[in-house]
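Architecture and fold: a report
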Amino acid sequence: MYGEFDLTLPQTLQEAVKALNAAGKDAVPLAGGTNVLIDLRSQRLVPKQIMDLGRVPGLRGIVVEGGRVTLGARTTVSDLLASPDIARCGPALVQAATVFAGQMVRNTATVAGNIACGSPAADLVPPLLSLDAEVTLTSTRGSRTVALCDYYTGYKADARAPDELITAISWPVPEANTFGTFYKLARRKGDAITVNGVAVSIGISDGRCVRARIALGSVAPIPMRACNAESLLEGQVLTPERIAAAAKAAAEECSPIDDVRATGAYRRRMVEVLVARLVENAVQAMT
Amino acid sequence: MTVSDVNETQPNLRFSQIGKPLTRTDSPGKATGRTPYAGDYVMPGMLHAKVVRADIASARLKRLDVSKARALPGVVCVLTAQDMPDRTIATDIPGQTGRAKLKTDQQILVKERVRYFGEPLALIAAETPDIAEQARRLIEFELEPIPGVYDPEEAMKPGAPIVQGTDNIVATHKIRKGDLEAGFAAADVIIENTYITPFQEHAFLEPEVGLAWIDENEVITIRVCTQVIEHFRAVADAVGVPHNKLRVMGAMVGGGFGGKEDVTVETYLAILAQKTRKPVRLEFTREDSFLGHGKRHPIKLKYRTGVTRDGKITALDVQVLADAGAYVYLSPYVLLYCAVNAPGPYRVDNLNVFAQAVATNNMFSSAFRGFGGIQAAAAYEQQMDEAANAIGMDRIEFRRRNYLKTGDPISTGFVPPSAIWTEKCVDLAWQALGEPTPSKGPIKIGRGIAASQQSYGRLTFLHDTSEAWVGIEMDGTVTVRSGVTDIGAGQASSLAQIAAEIIGVTLPNVNVYNSDSQVTPLAGTSTASRALYMTGNAARLAAQAVRDRLAVVAAELLKAEPAQISMEFNQVFVTDDPSRAMDIADLVKVCASRGVHRSELAIFRAPFTDVLDPETGQGQAHPDYAYGAQAIEVAVDIETGEVTVLKCIAAHDVGQCINRAAVDGQIHGGTQNGLGYALSEEMLYKEGRLITPSFSEYLMPTAMDMPHVETIILESRSGLGPFGAKGIGEPAMTPVAPAVANAIADAIGVRVFEMPITPERIWRALEAARG
């Protein structure tokens with residue numbers, strides 16, 4: 001059963017941000033609805049207003065321009081899978097989209113919704129973190145961008161002001177000598193909540209690591225970058241020992257908890273296993 | 001008993017329709033969405049019901065105030081235990097006539113003591129579902145927690161909180177034969193292990209739902225999804241009306257698996273319809289469904305096996321401890337299946353089984369596909385691998401030296417009357433795995449085999465019967481009427497196919513009316529892999545009687561003897577001279593004008609026995625047993641513990657297929673059910689509170705997880721069912737989980753003794769082995 005709420009159907013982005021400005025915290029933006037509807041039904045979420053963004057033009061699409069990839073906020077997970085641009089400019093994101101929920105959810109769930117839900121297990125976030133993605137937030141005051149790695153401020157808390165909408169997600173087109181990959185460890189292969197999500201983006205030039213991004217899902221209150229691990233790799237020759245040390249550092253800097261899917265101890269160990277495995281895969285792919 | 005005494009073969013049978021993969025009579029309606037399920041039925045002015053549940057597992061009800069809910073406009077009725085002080089509902093097995101019922105009646109709504117999380121406190125009927133839900137939120141209750149017990153071993157200790165009876169022990173079964181001590185003395189090696197099997201949820205697509213009303217005869221009528229319309233008697237007793245004033249009608253059921261074997265929504269619906277005199281609909285949410293029906297028993301099985309170096313089992317001692325949960329339900333029977341099947345399809349002459357089921361404040365456990373036999377299989381087949389390893393013998397060879405053979409007695413001393421083709425099933429399944437997939441890096445490949453024994457037909461001391469009526473119309477179409485419920489396995493379609501085969505009409509010319517406790521002849525439950533065996537036989541007898549009468553008239557018209565008459569595909573003809581033929585429809589018209597009886601009501605009786613000897617467990621427990629095997633190949637990532645099932649072969653002797661496509665379907669479904677049981681399905685309780693009450697936490701295998709399932713269907717034509725059929729509903733699942741467990745152990749070199757075998761459990765076992 002749903003609580004009572006007002007439904008607004010803005011026709012333009014201007015209308016949407018205006019309405020959001022008026023309603024503030026009382027309004028919940030609705031895109032694919034694959035999280036919001038469940039929360040409404042269980043009454044974990046009891047908003048005064050639901051703002052359906054389905055009629056706002058221009059929010060869905062993938063553009064590569066000026067060395068950047070930009071996704072409209074209502075771009076769906078299936079859109080990612082159908083896009084040759086994403087296959088080229090974000091292969092880790094494609095891997096995450098492939099194992100994201102089930103087909104029906106992929107057809108409607110959006111990239112911005114996955115970011116906005118704030119779940120530490122959100123599958124698209126580690127790949128986007130590994131790509132240095134930025135989030136564009138729009139309000140009646142204008143637009144601003146926030147680096148995705150600064151977006152989350154705590155468990156289910158983020159940098160979005162109540163009157164702001166996520167309108168786009170973008171990242172620089174990866175350099176040619178860069179390899180990105182993602183792995184989802186889960187209790188089953190289809191439609192599962194992630195136990196560990198790991199995305200890496202490794203750049204190698206002249207035999208040395210010139211770029212290392214290691215992003216982790218489900219092992220901290222927020223999707224996180226393993227910065228200590230990254231700094232152990234950047235500027236170095238990626239020997240098996242160095243990779244092992246970085247993987248160990250990643251395991252040390254995450255803070256997983258016990259839940260119904262796995263214990264924290266297992267998750268921490270799997271961070272080490274998977275980071276090492278994914279970085280090694282990247283090195284092998286580029287040599 | 002010699003092999004020749006056993007009904008092993010019926011050679012040279014030729015069927016026109018039996019055994020073929022025909023389109024089931026229920027398929028078109030399901031494929032097009034036209035088939036109505038119980039939840040699709042509505043009535044003008046119907047009310048919507050809601051169950052209010054306790055949110056603590058062990059508590060005393062201090063206060064229950066429904067006044068605000070009653071005052072809410074649109075609320076028609078709110079009931080608590082105070083409104084029905086003397087009412088109870090029976091939870092014992094339905095329809096038994098062979099012995100006294102257990103005294104297991106329980107409160108319908110909590111009077112004072114809450115024994116499990118989710119136990120119903122109050123019932124609401126309102127004009128809309130929303131009002132019913134608002135009323136639920138207005139009900140105030142106060143529960144005072146009292147110490148509970150959540151582990152069967154704890155529940156058996158002196159001073160433990162008492163949930164049921166005087167000592168929490170709800171059932172004990174013993175099986176003893178031979179000389180156990182002498183058997184162990186003769187052993188070269190003794191292998192001792194403890195296996196732990198988990199709770200399992202049936203997770204049918206269709207949660208419990210029903211609609212009740214009072215009909216023109218003042219009969220409380222309930223349209224409900226159930227496996228057992230015979231609960232009409234228990235529900236009538238619960239609401240205080242005669243048995244012929246309560247009618248249960250089924251509908252096509254969206255999955256049962258044992259979870260719709262006990263009473264679910266029927267009692268609440270009957271009470272509310274009786275009170276309001278209006279139609280009342282109650283639909284469980286998925287969470288209600290998790291809390292509203294019993295689960296598979298978690299069982300701890302301790303196996304001690306004595307073997308000789310040359311691979312003979314000399315002794316077996318099995319200790320079984322089952323968690324019955326908060327109420328008795330079918331625990332004594334489930335436990336009996338576990339005890340009887342403890343040695344599996346192996347000959348063990350020196351045997352001791354001691355089995356107990358113990359009450360706790362966990363969710364009550366009851367029937368689930370496999371019914372205790374499956375937990376035994378999970379243990380005995382892992383133990384067979386452990387024993388083979390201990391003496392360094394190939395695991396197939398070790399099994400071969402111990403198989404029960406046709407004519408051998410099982411644990412209870414009973415000799416199954418049918419063929420035992422375990423060896424054939426194992427060998428064919430194992431061969432079908434083909435070339436091994438190579439291991440690569442941390443991905444290790446392993447293979448497992450498991451054989452199984454699973455009864456079909458209910459416990460013989462219940463004195464089970466089944467009835468069916470068959471009649472032929474003047475245009476040559478056939479009607480079958482039988483109370484059997486169709487839970488998706490093709491129960492009704494099988495009856496149609498049997499009648500079509502015998503009377504000689506095509507399948508689309510047969511219509512089945514089923515699942516109505518007042519209008520269709522009572523056929524018993526769709527449980528225990530019995531529907532085909534029991535009701536199929538009743539339909540066979542009825543159809544045969546009709547056919548025989550038609551054949552006499554046909555012989556006269558076609559100038560032949562009745563024995564020379566064939567009937568096939570709507571034609572009747574002389575077998576050796578098919579040019580002498582006529583339409584069956586024309587034959588029936590002649591029969592009608594002569595007053596020949598064109599219908600028959602038949603009853604089929606299972607073997608009737610007394611209970612097993614209480615001290616030795618010797619005697620007959622079931623009519624017969626089915627045997628099969630599963631072969632599995634897995635890939636295990638030894639760093640993460642992830643398992644991928646690569647190959648999956650199921651070989652079963654089904655006696656005789658009625659519909660090959662339906663048999664395939666049962667085996668595919670049973671495999672999926674078993675893979676989930678082995679690998680991923682987990683119900684986690686915290687002090688009795690279910691913390692995984694949805695499909696985001698309770699993880700059944702999806703299409704992405706399922707391997708290709710190859711079925712090998714053997715037909716010994718030796719079963720007690722129609723045309724020599726056995727049952728396949730439960731047997732399809734029984735060997736799956738141990739085959740997976742054995743494959744994983746083969747891959748990683750250590751065994752995980754507790755299911756489900758999750759990635760983390762594999763990782764922990766490997767860590768422990770690494771030291």
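Moving on to the interface of chain B and chain A. Contacts between the two partners involve 21 residues from chain B, matched on the other side by 15 residues from chain A. Looking at the side of chain B that touches chain A, the elements that each hand over two or more residues are α3 (129–138) and α18 (759–770) of chain B. A total of three residues in the side of chain B that touches chain A trace back to one element, the largest contributor, which is α18 of chain B. Tallied by class, the residues present in the side of chain B that touches chain A amount to eight nonpolar, six polar and seven charged.

Attention shifts here to the domain arrangement of chain A. All names here are of chain A. Domain parsing of chain A yields domain 1 (6–54), domain 2 (62–172) and domain 3 (182–286). Spacing between the C-alpha centres of domain 1 and domain 2 amounts to 18 Å. Taken together, the contact between domain 1 and domain 2 spans 15 residues of the former and 16 residues of the latter. Tallying contributions element by element places helix α1 (residues 13–23) first for the side of domain 1 that touches domain 2, with six residues.

Attention now moves to the nonpolar core. Grouped together as the largest cluster of nonpolar side chains are 341 residues, with contacts concentrated most on A250 and V275 of chain A together with I124, A499, V740 and I744 of chain B. Top element by residues in this core is helix α14 (residues 531–557) of chain B. It accounts for twelve residues. Excluding anything up to four places from it in sequence, V275 of chain A contacts V198, V200, I214, A229, A246, A247 and A250 of chain A.

With that settled, the discussion passes to unusual backbone geometry. Across the junction of M755 of chain B and P756 of chain B, the peptide omega takes the value -5°, indicating a cis bond. Looking at the secondary structure, you find P756 of chain B in the loop between α17 (736–748) and α18. In this structure, A101 of chain A is a non-glycine residue whose phi angle is positive, near 45°. Tracing the backbone shows A101 of chain A in the loop between α5 (91–98) and α6 (103–108).

All names here are of chain B. It is the contact of helix α13 (residues 491–503) with α14, at a shortest axis distance of 9 Å, that shows an interaxial angle of 30°. As summarised for this structure, α13 and α14 are arranged roughly parallel, according to the angle between their axes. The handedness of the crossing between α13 and α14 comes out as right-handed. Between α13 and α14, the residues in contact are Q491, S494, L495, I498, A499, I502 and I503 and A531, L532, T535, G536, A539, R540, A543, Q544, V546 and R547, respectively. Among the residues forming the contact of α13 with α14, the class breakdown is ten nonpolar, five polar and two charged.

What counts, and at which threshold
Residues numbered from 1 in each chain as written. Chains lettered and ligands numbered in written order. Predicted model: local features only at pLDDT ≥ 70, side-chain atom pairs only at ≥ 80, totals over all residues. Contact = placed C-beta atoms within 7 Å. Helix = DSSP H or I, 4+ residues; strand = E, 2+ residues; numbered from the N terminus. Nonpolar A, V, L, I, M, F, W, Y, C, P; charged D, E, K, R; others polar. Domains from an automatic or database assignment. Core = buried A, V, L, I, M, F, W, Y, C linked by C-beta atoms within 7 Å. Buried ≥ 20, exposed ≤ 12 C-beta atoms within 10 Å, placed from the backbone. Axes fitted to C-alpha atoms, helices over the stretch in contact; angles between N-to-C directions. Parallel < 35°, antiparallel > 145°, perpendicular 65-115°, else oblique. Left-handed = near helix turned anticlockwise from the far one by under 90°.

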